[in-house]
Structures are given as structure tokens and as C-alpha cells.
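Structural description and commentary
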Amino acid sequence: MPDLLPPMPRPMAGARAVPAGAVLAVVTLAALSLRLPLLLWGADALDRQVFPDDTYYVLSIARNIAAGLGPTADGTVPTTGFQPLIVALLVPVFRLTADPVLPALAAAAIGAIAGALAAGLAARLALALTGSCLAAAGVGLVLATGPVFALTHPNGLETALAAAVLLATAVVLAETRPGAPMRRFVGIGGLAGLAVLARVDAAVLLAPAGIWAVRALGWRGAGLAALTGCAVIAPWVGVCLWLTGDPLPESGAAVATLAAADGFDGWMTFTMGVLALGAVWPDAVFGWSPAAGIAVAAVLLLPLLAVRRGHCPPLAAVLAFGSLALFLAYTLGLGAVWFFERYFSPIHCLVPVLAAALVFGRSPPLAVRVLWGLAVLALCGFGLWRLAPVLSDPGTARLHAFAPPSGYGEMARDLLPEVPPGATLGALQSGALGYFAPPGLRVVNLDGVVNGPAAAALREGRVCTYLKAAGITHFADWDLNRALLLRRVDPGAAVVLDPLYLSAVAQGRHRVTLYSVTADCTPRP
């Protein structure tokens, strides 16, 4: 880790020719203006363009909490497979309405607003690190117009909310000086705790910043911040321990099991991770771009070298180190390449900030500032050009390179009328099916993301036993998930899936098929 002792840089003399407040307001409003129109599409278009199946898990859990059933996706099995802050914000919405569409729009609106705030906060962080309004404006506008931000922030999940709270924590850290009042450190700890509640992986990215705070701001203040953060997350950790015996959400272990079952090894996921890093470049959202991924990786590595020569603020190097730690945790630990676009959202938000810290770490000459401005204009123009077809026509074919297929809600509404009365439906991707299921139809999650017993059965190869115990009579999913399920059947047992209906809704190259289930768990000789 780089030397953390050098003090944070002071704002450059004469750097604020433009009022900083005006710069931050402009970039925030620009980001909002590109995200709010997506809400006007309506829930159906959002489902086709930006909602993954996990959005419907979040909505189902919030609905069940509002109904007094506790944290459960199917109304029966308790789960910790969600990020609590976004769910907490959605629970009041379900207490106001029973309409499934309005809460989905509310979830997208939370993401759109949080994404706009993230753009403004990233600009403010760049201002705090460099003292340059030009740097701040560039960072904020790149986040405002970048397709990877505009198209993932309204996804109904915690993505934008987590990025905004994490950036707010970094901003307050960057603007804090040794000897600050203790209440400021309470605020830092509170924000850090909220960042972890927004998304648990914030702990990985912020841990190096905590070490930096001890050395740069004093152990008393840093210790108070740490205690406050722990107090904020303690109730959620207690819930996790009570429900599952594990302090972490159960979804992480389930996703790791799925990645291992798909045969992804460390080198493969690392390579895919580098490619996914490049999504911060406008065109890389729409296709694989090794050059963009390598360039972004360089932006993460260079602050660790530049800080030793005084060319980069120490906090920027610490945030780069945390971003690299998060990248390695996902690529070499979890391995779920299909989620990298949203897993890397905090890294993508920090990349422009780190680039600004490298360029403006010392007062750059006029030529460098002009090049920075031209590069920002090029990135923003390219991003808007690539976004224009999507913003003008919600029927445009989905353009994400890294995200999995969408249209889960449309598929669920097409398939659910074909499920016989009295059935119990199982699915690995059960989010939308469960959210839109009619009263009396129980939908059981089988990939274990929101169902611990199912995760254990899949991991241990006891799928037949679990299907019988859960009373599952029907199964609905893609062919590849059907194959995965059958590979994890108990030794000697037999599960027969007879096709009944092929969904009319295409999800990329996939279609969901409804099957009847016959499970014979008697071991054969």
C-alpha cells in the first residue's frame, strides 16, 4: 500500500474561477435530465431495457415486509439475500399501494435520483482532491452522460444508491482535516455504515480509507467513525446471524456456487473482469473492448505509483487501492461475470475521479487543461450519441454488453397464466415469476439467492430431495438452467421435466419453458 502520511493537497490558487456550487449543480441536473426520461417509458419498457430479475426479488421482499411477513421473497422462507437500504426505502411504497407497477417505478426513480447525486458527488470529490473546478466539471459530466451510468442507475436495484452513499463518504473524508470536531467523524462513520447497508461490498472498498484515516486524521476520530459505522450496520448483521448464522447476505455464497457450476475459473473471470472495467468508456458498454479495459486498469494502478512522487493526492491512491481490492474480490472470489456491469459500478464511478487526481495532482500547464477539456467533450459527445437511440425509442434492442437478458416481467406475465391451479412453481430465476404470481401460487427460488435451503441443496447435489420436500410440481426456466438443475440431482435419483409451454417472450437468445416435475428420489442400484 502507498505511503499514507503525506497531507491532502490544498486547492490550487486561482483554480475556482467558476463558482464551485454552480459546477456541481449543473452536472447533477445534467445527470438527472438524462435519467428521469427513462421513467417516462413506463414499467414495461424499463423491464425490457434495464430491470434484471433481481429487481423483482427486491420488490417482493419489500412487499412481504410491508405485509408483515418479514424478509422473504416467497412469503415463506426467510432470506438475507438482499441489500437492506434499498428495501427499506421501498417498504413505505408498498404500504401506500397494492399496485405492482408503481413500486417498480419508484425503485427506478430512486436509482435515477441517486445516480444523479452520484455524478454531483463524484464532481465534488474531484474538487476536494484537486481544487480544480475544471477537473470537477469533467468528472461530473462523464458520469452524467456515460451510458454505463445512465443505463444501470435506474435498474431498480441498489446500484446507484450504493455508489452515491459511498461517494458521499469519500467526499466527507476528503474534506476533513486533522483536529476536526468529533461530530464530523460520527457523520463519516454513519455514512460509511449506510454505504455498507446500501451494498455490503462497500466495506472492501472503504477499508483502506479507514486505515488512511487513522494515519492522516488521527486514531481518535477514525476510531469514533469506525464505532459509529459498526453501530449502524449492527442491526442488519444481527438479522443475518439470526436468520442464517452468517453475518453476510446469503446471496453471495449462492452466486459463487452458480459461477462454479458454470465452470468459470479464476483466469477466465479475471479476463472478463478487465473487459468489464472498460464499460466506463462509452462504446465499451455496447461491445467487448480490451483496450478500454486495460486503460481503466491503468487508471486504477497509476495512483499507487504517482502518490510516492507527490503527483497524486494520498486519498486518491487509497481509493484506487480499494477499487483494485474490490475488483479482485469479484473476479477471483465470486466469479459471477454476468453481474460485473453492476458489481463494478463503484469502481466505474471512481475511475474519472482518479483520472482527474492524476492530471490535476499538481497544477498542470494550460495545454494539459485544454486536453482534459477536449477529452471530456469527446467522451460526453460520444456517450450522448450512443445513448440517443435508447433514450428516443424504448423499443430499441437492449444494448448492454455485460448485463444478462432482460424482459423478465414480460415473460412472467406471459407464462404464469399457463401454470395449473394448485401448482407450486420452482425456478432458478424466480424474481419476476414470484412478484407477478397470482394469489395462491407459490413460486420457490431454486438458485438459492433468496432461499438458503435451496442453495444448500444445489451446492450439495440434493436437488431431487429438495423438490420433493418443497412440494414443487412445476419448473420454469431457460434451457441452460434446466441443465444445471438436472446436473445437481441426488446420486441415483431421477427428475423428469416434461415441457408444457414455451414462453412467447424472447430474452436475448433464451426463452423460458414451463415443465411439469416428476421427482423420484429413491436411489437406483
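Residues numbered from 1 in each chain as written. Predicted model: local features only at pLDDT ≥ 70, side-chain atom pairs only at ≥ 80, totals over all residues. Heavy atoms only, no water.

Strand order across the open sheet formed by five strands is β2-β1-β3-β5-β4, with mixed pairing between neighbours. Of all the strands in the sheet, just β2 (442–445) and β4 (494–502) have a single pairing partner and so form its edges. Neighbour-to-neighbour, the strand axes of the sheet open up by a mean angle of 30°, direction not taken into account. Pairing analysis gives four bridges linking strand β3 (residues 474–477) to strand β5 (residues 513–520), with the strands arranged antiparallel. Bridge pairing links H474 to S516 in β5. On the sheet, helix α22 (residues 463–470) packs against β1 (424–427), β2, β4 and β5 and is oriented at approximately 100° with respect to β5. (Pairing = 2+ DSSP bridges. Helix = DSSP H or I, 4+ residues; strand = E, 2+ residues; numbered from the N terminus. Axes fitted to C-alpha atoms, helices over the stretch in contact; angles between N-to-C directions. Contact = heavy atoms within 4.5 Å.)

We now examine the nonpolar core. Counting 147 residues, the largest nonpolar core has L90, L125, Y343, F344, L425 and L433 as the members making the most contacts within it. Here the element with the most residues in this core is helix α5 (residues 101–130); it accounts for 15 residues. Core analysis: the next-biggest nonpolar cluster, separate from the first, contains 23 residues, L258, A457, L458 and L497 among them. (Core = buried A, V, L, I, M, F, W, Y, C linked by side-chain atoms within 4.5 Å. Buried < 20%, exposed > 50% of the residue type's maximum accessible area, 1.4 Å probe, protein only.)

This paragraph deals with the state of the cysteines. Scanning all chains against the criterion turns up one disulfide. Between the sulfur atoms of C464 and its disulfide mate C521 the distance is 2.2 Å. Judged by the torsion about the S-S bond (-100°), the C464/C521 disulfide is left-handed. Highlighted residues: C464 in helix α22 and C521 in the segment after β5, separated in sequence by 57 residues. You can see C240 has no disulfide; the closest cysteine sulfur is in C230, sitting 15 Å from it. (Disulfide = S-S within 2.5 Å.)

Turning our eyes to something else, we now look at helix α14 (residues 290–306). One turn of an α-helix holds 3.6 residues; hence residues three or four places apart share an orientation. In this model α14 runs 24 Å from its N-terminal to its C-terminal C-alpha over 17 residues, within 8% of the 24 Å that 1.5 Å per residue would give. Along its length, α14 shows its largest kink, about 25°, at L300, and proline P303 lies within four residues downstream of that point. Residues A292, G293, V296, A297, V299, L300, P303, L304 and A306 constitute the buried set of α14. In this structure, the buried residues of α14 make contact with α13 (266–277), α15 (314–334) and α17 (345–360). (Expected span 1.5 Å × (residues − 1). Bend = angle between axes of the 7 residues up to and from the residue.)

Where helix α4 (residues 84–96) contacts α5, the two axes come as close as 10 Å, and the packing angle between them is 140°. Two packed elements cross with a definite hand, and for α4 against α5 that hand is right-handed. Counted together, I86, L89, L90, V93 and F94 of α4 and P103, A106, A107 and I110 of α5 form the full contact between these two elements. For the contact of α4 with α5, a count of residues per class yields nine nonpolar, no polar and no charged. (Left-handed = near helix turned anticlockwise from the far one by under 90°. Nonpolar A, V, L, I, M, F, W, Y, C, P; charged D, E, K, R; others polar.)

Moving on: the environment of P78. Locating P78 in the fold gives a position in the loop between α3 (53–66) and α4. By relative accessible area, P78 is classed as partly exposed at 45%. For the pair P78 and N451, spaced 373 residues apart in sequence, the C-alpha separation works out to 7.4 Å. Residues contacting P78, with those up to four places away along its chain left out, are P71, T72, L243 and E250.

Turning our eyes to something else, we now look at the pattern of salt bridges. Enumeration over the complete set of coordinates arrives at seven salt bridges. Put simply, D54 and R342 hold a salt bridge, and the shortest N to O gap is 2.4 Å. Here R342 lies in helix α16 (residues 340–343) and D54 lies in helix α3, a separation of 288 residues in the sequence. Residue D54 shares its accessibility class with R342, and that shared class is buried. One salt bridge connects R124 with E175, and the closest N-O pair in it is separated by 2.8 Å. Separated by 51 residues along the polypeptide, R124 in helix α5 and E175 in the loop between α8 (159–174) and α9 (182–198) bring together distant segments of the chain. For R124, a relative accessible area of 36% puts it in the partly exposed group. What you see here is one network of salt bridges that share partners, running through E158, R199 and D201. (Salt bridge = Lys/Arg side-chain N within 4 Å of Asp/Glu carboxyl O.)

In the predicted model, the protein carries a mean pLDDT of 88, and the fraction of residues at 70 or more is 92%. A low-confidence stretch, residues 1–17 (pLDDT under 50), is modelled with 44 contacts involving residues beyond four sequence positions or located in other chains. (pLDDT = per-residue confidence, 0-100.)

In this section: the packing of aromatic side chains. Tallied over the full model, the rule gives 15 aromatic pairs. Taking the centre distance of 5.5 Å and the plane angle of 70° together, the rings of F270 and F327 count as edge-to-face. Residue F270 is located in helix α13, and its partner F327 is located in helix α15; the two are separated by 57 residues in the primary sequence. For F270, a relative accessible area of 28% puts it in the partly exposed group. Exposure remark for F327: the relative accessible area of 4% places this residue in the buried category. The residue whose ring lies beneath R342 is F339, and the NZ or CZ to ring-centre distance is 4.2 Å. Over the ring of F436 we find R413, and its NZ or CZ is 4.9 Å from the ring centre. (Phe/Tyr/Trp six-rings, centres within 6.5 Å; stacked < 30°, edge-to-face > 60°. Lys NZ or Arg CZ within 6 Å of the ring centre and 35° of its normal.)

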